[in-house]
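# Survey of secondary and tertiary structure
If you want the building blocks of each chain, they are given just below.
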Amino acid sequence: MRVFIVHAHAEPQSFNGALTGAARESLEAAGHDVEVSDLYAMRFDPVSDRRNFTTVKDAGYLKQQLEEMHATERGGFSPDIAAEMDKLFRCDALVLQFPLWWFGMPAIMKGWVDRVFAMGRVYGGGRWYTNGVFKGKRAICSVTIGGPESMYQPDGLNGDLRQILFPIHHGMLFFTGFTVLEPFLTHQPARISAEDRAARLEAWRNHVLALDRHEPIQYPPLDAYGPDFRLKRGD
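Now for a description of the structure that goes with this document. (Residues numbered from 1 in each chain as written. Predicted model: local features only at pLDDT ≥ 70, side-chain atom pairs only at ≥ 80, totals over all residues. Heavy atoms only, no water.)

Before going further, it helps to spend a moment on helix α1 (residues 15-29). The end-to-end C-alpha distance of α1, which contains 15 residues, comes to 21 Å, matching closely the 21 Å that a straight helix rising 1.5 Å per residue would cover. Within α1 the residues assigned to the buried category are F15, N16, G17, L19, T20, A22, A23, S26 and L27. Just downstream of α1, G31 is the residue with a positive phi angle, here 95°. (Helix = DSSP H or I, 4+ residues; strand = E, 2+ residues; numbered from the N terminus. Expected span 1.5 Å × (residues − 1). Buried < 20%, exposed > 50% of the residue type's maximum accessible area, 1.4 Å probe, protein only.)

By the definition in use, this model includes 13 salt bridges. A salt bridge links D80 to R115; the nearest nitrogen and oxygen atoms lie 3.3 Å apart. You can see D80 sitting in helix α3 (residues 79-90) and its partner R115 sitting in helix α4 (residues 107-116), a full 35 residues away along the chain. Of the charged contacts in the structure, one is a salt bridge between R205 and E202, with a shortest N-O distance of 3.2 Å. Here the residue R205 and the residue E202 both occupy positions in helix α6 (residues 194-208), the gap between them amounting to three residues, near one helical turn. On the accessibility criterion, E202 (38% relative accessible area) is partly exposed. Each of D45, D49 and R51 takes part in one network of salt bridges that share partners. (Salt bridge = Lys/Arg side-chain N within 4 Å of Asp/Glu carboxyl O.)

What follows concerns the nonpolar core. Membership of the largest hydrophobic core comes to 46 residues, with the highest contact counts inside it found for L88, L94, L96, F98, W112, I168 and L173. Mapped onto this core, the elements with two or more residues apiece are β1 (2-7), α3, β3 (93-99), α4, β4 (138-145) and α5 (161-174). With seven residues, α5 is the largest single contributor of residues to this core. What L94 contacts, discounting residues up to four positions off in sequence, is F4, V6, L88, R138, A139, I140, L173 and F178. Core analysis: the second largest hydrophobic core is formed by 17 residues, A23, L27, V34 and L201 among them. (Core = buried A, V, L, I, M, F, W, Y, C linked by side-chain atoms within 4.5 Å. Contact = heavy atoms within 4.5 Å.)

With that settled, consider the pairing of β4. Here β4 lies mainly inside the structure; eight of its eight residues are buried. Judged by which residues are buried, β4 turns out to be covered on both faces: R138, I140, S142 and T144 on one side and A139, C141, V143 and I145 on the other are all buried. In this structure, β3 lies alongside β4, joined through seven bridges in parallel fashion. If you follow A93 over to β4, its bridge partner there is R138. For the crossover from β3 across α4 to β4, the handedness is right-handed. Examined bridge by bridge, β4 and strand β5 (residues 179-180) share two bridges and lie parallel to one another. Considered in β5, the bridge of R138 is made with T179. Examined bridge by bridge, β4 and strand β6 (residues 184-187) share four bridges and lie parallel to one another. Bridge pairing in β6 places T144 opposite T186. (Pairing = 2+ DSSP bridges. Right-handed = clockwise from strand over helix to strand, strands pointing away.)

With seven of ten residues buried, α4 is to be regarded as a mostly interior element. The complete set of buried residues in α4 reads I108, M109, G111, W112, V113, R115 and V116. The secondary structure elements touched by the buried residues of α4 are β1, α3, β3 and α5.

What follows covers the packing of α1 against α6. Put simply, α1 and α6 touch, their axes get as near as 9 Å, and they point 40° apart. With respect to α6, the element α1 is oriented oblique. In the crossing of α1 with α6, the sense of the turn from one axis to the other is right-handed. Of the residues in α6, those touching α1 at F15, A18, L19, A22, A23, S26 and L27 are R197, R200, L201, W204, R205 and V208. The residue inventory of the contact of α1 with α6, partitioned by class, reads nine nonpolar, one polar and three charged. (Axes fitted to C-alpha atoms, helices over the stretch in contact; angles between N-to-C directions. Parallel < 35°, antiparallel > 145°, perpendicular 65-115°, else oblique. Left-handed = near helix turned anticlockwise from the far one by under 90°. Nonpolar A, V, L, I, M, F, W, Y, C, P; charged D, E, K, R; others polar.)

Mapped onto the secondary structure, D49 falls in the loop between β2 (33-38) and α2 (64-74). The class of D49 is partly exposed, set by a relative accessible area of 21%. Put simply, D49 and G31 are 18 residues apart on the chain and 39 Å apart in space, counted from C-alpha to C-alpha. Not counting residues up to four positions away in its chain, the partners in contact with D49 are L62 and Q64. A polar atom in the side chain of D49 sits 2.7 Å from the side chain of R51. (Polar contact = N/O pair within 3.5 Å; in protein donor to acceptor, adjacent residues only side chain to side chain.)

In structure tokens:
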């Protein structure tokens, strides 16, 4: 199995850092291939504009999707973006490792998605959802969360965590064809005991070894929707 971990935390000694390290060590010890993009260590530029491209379709007006399709045809993505795309296409499984910040992923990771998930190369031309480019690949989010689990229930103060993660699970990963696994969640890593942190790391080590066996989140396939993009009514 070839696993690509995209890591978004500025502090190497953070619990996110420990989770990425544990995943890498466990997978490599089991004989799997692992690539890691540590976005902060790479000083990855999250700003998406003409710096994404070495080619130009329309110099007078920037329409990003048009430039992305042109770059796909001409091999015109900047070297940093092309390298990340190559990692995506090489992997069998993608791991997004990040802390939940302001009900979403850190800006550097969102910028990575904005720049790397390019039209023409990663989606477009009817290639989306169950017909997506990454069909057959698996993806999982490993997320640290500052608040307690009770706060992120449907009746909790911060709302249902499944809904908070829906834009990532459905709108980024499933949209591009990934089979999306249930997230691996660690609540309040800064407040739990050292023993509980160690147990959580061990659970993650075991979890990543079974990425090819975990049950995915169930989303309706494309053919469950009508021409208005709404679910068909049963007869």
